[in-house]
Amino acid sequence: MASSETVCCICALFFGGIFCTLIWTATAKHTFQIDYENNCFKKDGESFRYISGSIHYSRVPRYYWKDRILKMYMLGLNAVHTYVPWNFHEVMPKKFVFDGDRDLEHFLQLANDSGLLVILRPGPYICAEWDMGSLPAWILKKDSVVLRSSDPDYLAAVDQWMNVLLPKIRPLLYNNGGPIISVQVENEYGSYFACDHDYLRHLVKLFRYHLGDEVVLFSTDGSSLHNVQCGTVDGLYAAVDFGPTEDITKCFEVQRHFEPKGPLINSELYTGWLDHWGEKHQVVATSVITRALDTVLGLGANVNMYMFIGGTNFGYWNGANTPYAAQPTSYDYDAPLSEAGDLTDKYFAIRDVIRKYKKVPYGPIPPSVPKFAYGPVPLKKLSALSEMLDVMCPSGPVKSVYPLNFVQLNQYFGFVLYRTSLPKDCSNPTSLSSPLNGVHDRAYITVDGVPQGVLERDKMLSINITGKAKATLDILVENQGRISVGRYINECKGLITNLTLGKDFLTGWTMYPLRIDDAVGQGLKEKSHKSFLSSTSSTFSAPAFYIGSFDIPSGIPDLPQDTFINFPGWTKGQIWINGFNLGRYWPARGPQITLYVPRHILSTSAPNNITVLELEKSPCDVKPCVVEFVDTPVLNATVSNIFPGRKLLAGGH
């Protein structure tokens, strides 16, 4: 008896050969599996090797997904790797967001339409220098929870998330006609202290339940025996990751220890490296990358280049490493495609290596996106932040004898203002201290509106303040990004221990969880200014909002275009354009000076509104009060290295 495909084909012949072909294609079964005998993958029965690049859809605006994907395809890649950040989608328990820039299914379909396969990495933990490694901070409401383990409270949250995510993924698997050829379970788990194989087995069972038995599930770990031993279990194919300067043969020997047969895989061949505030911008020479890529491909191995485009940590999404060092807004990574999607010399050099091993697509490569320098935009001071608490905290403050942390206040990102009164006269400078390093991460201090200085985690644990008894002490605490790797991913933010004034503990706190993004989105209104004493400090001013607007020039074709915003004379803060949170700026520390502004957030039909929250010191009292739009980024202007000689734990890398 003829198969269903054959019958459909014969019937379709009465209506034309083209229709016949379409019917057969629609019903043909795709397969992707591991060929252990020939040490490779098999795709639709043929030997297959992927050459892939990492792109994080959460760091690239949806507007530009197609542009970046096409550039990856035209280089000669046949697949992309992407992470799924849990906290990007489940913003609160059972509140899921999958639209706009978070439309995962649309991103995957674009890859499919462009001829690229997908290796999906849905976690639940991803690292990726992303806030808390993508675990949602609301999990910490149960303070006894053990993350990335078989702890029942953690698994309940994981199951709740995966029961929503994985059913969305199943129709997009390759064997179901989609682009996803394999799915990673967890991420570099062998680098985590728990080494809980029951947890990994639970995930394997959960993934199999939702995705079926045909999909290839795999693990990825750093190339050491210990890491892979802790990072994989039966049911997962063990892959490794390593950088371009490591001994490639020895790294693959580690994989072969656990997988004597099957394809060699480097899931993360690093094309660059990540940055931290206060350190040099990291670059890796093109020749180093191409030499390593040539060696890996020469061995017949599968490879993913991490990152192929780094993108941007918009808003508050950046992560941090330990000892505490936060990543900046840019995640450029010195990748083959720049943060703004520009073609680089590294891009073309990698293309030349790939063409030695496979055909690369013929035709024009999409060009770098044009940039435009809109020039300086005057700003004016709107109000001190402390004067706008009714707008910033519409639900009202929370009172407690001792300070509560961000999670206890249901504040997972951004800022909380902690307020109390001076219990005694401090006409003479008196020490305000965080003796247990309890400021997470940075606190801006004022007394009756007069700036006093900054407390900073690990660096500045005590300052002298002055003020009269019963004066208002305000401490604005900034969450600079949660640790994304290691045993301390469960850290709390805010004032996590009490502060002392002299020898006395401070009590009687009023706390304002600030909904700044909501307030900025609704439009900030000018407040009547209170009359405060002048600051005696030339270094600090009270945290305040500044606003301005600009029009896109008329008569110039193809505007708006991408641009970069510079902060001449500004110190540290957060910036929004038309309500879109671009991220953190900190030119006083570097290395990043400019922030990337994608064109889709700009308007040609109305003024573009700029809102700046300057936390330390603006130029507006002594210099022109402007920000400036330029056409060239500055990512490598470190003012000083605040971590001399220190080694950081960065991912499983």
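Residues numbered from 1 in each chain as written. Predicted model: local features only at pLDDT ≥ 70, side-chain atom pairs only at ≥ 80, totals over all residues. Heavy atoms only, no water.

**Quick notes on the overall build of the protein chain**
Scanning the protein chain for helices and strands turns up 13 helices and 36 strands. In terms of principal-axis extent, the alpha carbons of the protein chain reach across some 95 × 60 × 45 Å. In the protein chain, of all internal contacts separated by at least 6 residues, the share reaching a separation of at least 24 is 79%. Side chains of the protein chain give 59 positive and 63 negative charges; the mean places of these two sets differ by 3 Å. (Helix = DSSP H or I, 4+ residues; strand = E, 2+ residues; numbered from the N terminus. Contact = heavy atoms within 4.5 Å. Lys, Arg positive; Asp, Glu negative; His and termini not counted. Charge placed at Lys NZ, Arg CZ, Asp CG, Glu CD.)

**Here we look at the side chain of Gln184**
Its location among the elements puts Gln184 in strand β9 (residues 180-184). The exposure class of Gln184 is buried, given its relative accessible area of 0%. (Buried < 20%, exposed > 50% of the residue type's maximum accessible area, 1.4 Å probe, protein only.)

**Digging into the environment of His440**
Note that His440 resides in strand β21 (residues 439-440). Taking the C-alpha atoms as reference points, His440 and Asn479, separated by 39 residues in sequence, lie 6.5 Å from one another. Those residues in contact with His440 that lie beyond four places of it in its chain are Arg457, Val477, Glu478, Glu491, Cys492, Lys493, Gly494 and Ile496. Separated by 3.5 Å, the side chain of His440 and the backbone oxygen of Asn437 make a polar contact. (Polar contact = N/O pair within 3.5 Å; in protein donor to acceptor, adjacent residues only side chain to side chain.)

**Considering the packing of helix α3 (residues 65-75) against helix α5 (residues 104-113)**
Packing of α3 against α5 brings their axes to within 10 Å, and their N-to-C directions diverge by 35 degrees. Pair α3 / α5 crosses with right-handed handedness. Residues Trp65, Lys66 and Ile69 of α3 pack against His106, Phe107, Leu110 and Ala111 of α5. Split by residue class, the contact of α3 with α5 holds five nonpolar, one polar and one charged. (Axes fitted to C-alpha atoms, helices over the stretch in contact; angles between N-to-C directions. Left-handed = near helix turned anticlockwise from the far one by under 90°. Nonpolar A, V, L, I, M, F, W, Y, C, P; charged D, E, K, R; others polar.)

**Section: the sheet that holds strand β16 (residues 375-378)**
Pairing is antiparallel in the open sheet, where four strands are placed in the order β16-β36-β31-β34. Lying at the two open borders of the sheet, with one neighbouring strand each, are β16 and β34 (595-597). The sheet shows a mean angle of 30 degrees between the axes of neighbouring strands, direction not considered. Strand direction decides the pairing type here: strand β31 (residues 563-566) and strand β36 (residues 626-630), joined by three bridges, are antiparallel. Within β36, the residue paired with Asn566 across the bridge is Glu628. (Pairing = 2+ DSSP bridges.)

**Looking at the nonpolar core**
Within the largest apolar cluster, 140 residues are counted, with the highest numbers of intra-cluster contacts made by Leu147, Tyr154 and Ile610. In terms of residue count, helix α6 (residues 152-169) provides more of this core than any other element does, nine residues in total. Among all residues touching Tyr154, those that are not within four sequence positions of it are Trp86, Pro124, Leu135, Ile139, Val145, Val146, Leu147, Arg148, Ser149 and Tyr199. Grouped together as the second largest cluster of nonpolar side chains are 24 residues, Leu422, Ile475, Leu495 and Leu506 included. (Core = buried A, V, L, I, M, F, W, Y, C linked by side-chain atoms within 4.5 Å.)

**Structural notes on the state of the cysteines**
Joining two cysteines, a disulfide is a covalent bond between their sulfur atoms. Across all of its chains, the model carries two disulfides by this definition. Disulfide partner of Cys195: Cys230, at an S-S distance of 2.0 Å. Around the S-S axis, the bridge from Cys195 to Cys230 shows a dihedral of about -90 degrees and counts as left-handed. Of this pair, Cys195 sits in the loop between β9 and α7 (197-211) while Cys230 sits in helix α8 (residues 225-231); the two residues are 35 residues apart in sequence, bridging distant segments of the chain. The disulfide partner of Cys620 is Cys625, and the gap between their sulfur atoms is 1.9 Å. With the S-S dihedral at roughly 55 degrees, the linkage between Cys620 and Cys625 falls on the right-handed side. Overall, the relative accessible area of 23% leaves Cys620 in the partly exposed class. Once the disulfide-bonded cysteines of the protein chain are ranked by sequence position, their pairing pattern turns out to be 1-2, 3-4. For Cys393, which is in no disulfide, the shortest distance to another cysteine sulfur is to Cys492 and amounts to 20 Å. (Disulfide = S-S within 2.5 Å.)

**Let's talk about α5**
Every buried residue of α5 is accounted for by Leu104, Phe107, Leu108, Leu110 and Ala111. Along α5, the residues classed as buried sweep out an arc of 155 degrees about the axis, all on the same side. Just beyond α5, the residue with positive phi is Gly115, at close to 90 degrees. (Arc of directions from axis to C-beta.)

**A word on the packing of aromatic side chains**
Under the definition given, this model contains 40 aromatic pairs. Relative to Phe348, the ring of Tyr347 has its centre 5.1 Å away and its plane inclined at 75 degrees; by these criteria the two rings are edge-to-face. Residue class for Tyr347 comes out buried when judged on its relative accessible area of 0%. For Phe348, a relative accessible area of 37% translates into the label partly exposed. Over the ring of Tyr125 we find Arg148; its NZ or CZ atom is 3.5 Å from the centre of that ring. Between the NZ or CZ atom of Arg148 and the centre of the ring of Tyr192, over which it lies, the distance is 4.5 Å. (Phe/Tyr/Trp six-rings, centres within 6.5 Å; stacked < 30°, edge-to-face > 60°. Lys NZ or Arg CZ within 6 Å of the ring centre and 35° of its normal.)

**Here we look at the layout of surface pockets**
In this structure, the largest pocket spans a volume of roughly 1,000 Å³. Listing elements by their share of the lining of the largest pocket, those giving two or more residues are α4 (86-89), β6 (90-92), α13 (516-522) and β33 (580-585). If one sorts the elements of the lining of the largest pocket by residue count, α13 sits on top with three residues. Split into classes, the residues belonging to the lining of the largest pocket amount to 19 nonpolar, nine polar and 10 charged. (1 Å grid on protein atoms, 1.4 Å probe; cavity = no way out; pocket = protein on both sides within 12 Å on 5 of 7 lines; lining within 4 Å. Points joined across faces, edges and corners; volume = space filled by probe spheres on them.)

**What about the confidence of the model for the protein chain?**
Put simply, the protein chain has an average pLDDT of 93, and 91% of its residues get 70 or more. In the model, residues 1-26 has pLDDT below 50 throughout and makes 10 contacts with residues more than four positions away in sequence or in other chains. Confidence drops under pLDDT 50 across residues 531-536; counting only partners more than four residues distant or on other chains, this segment forms eight contacts. (pLDDT = per-residue confidence, 0-100.)

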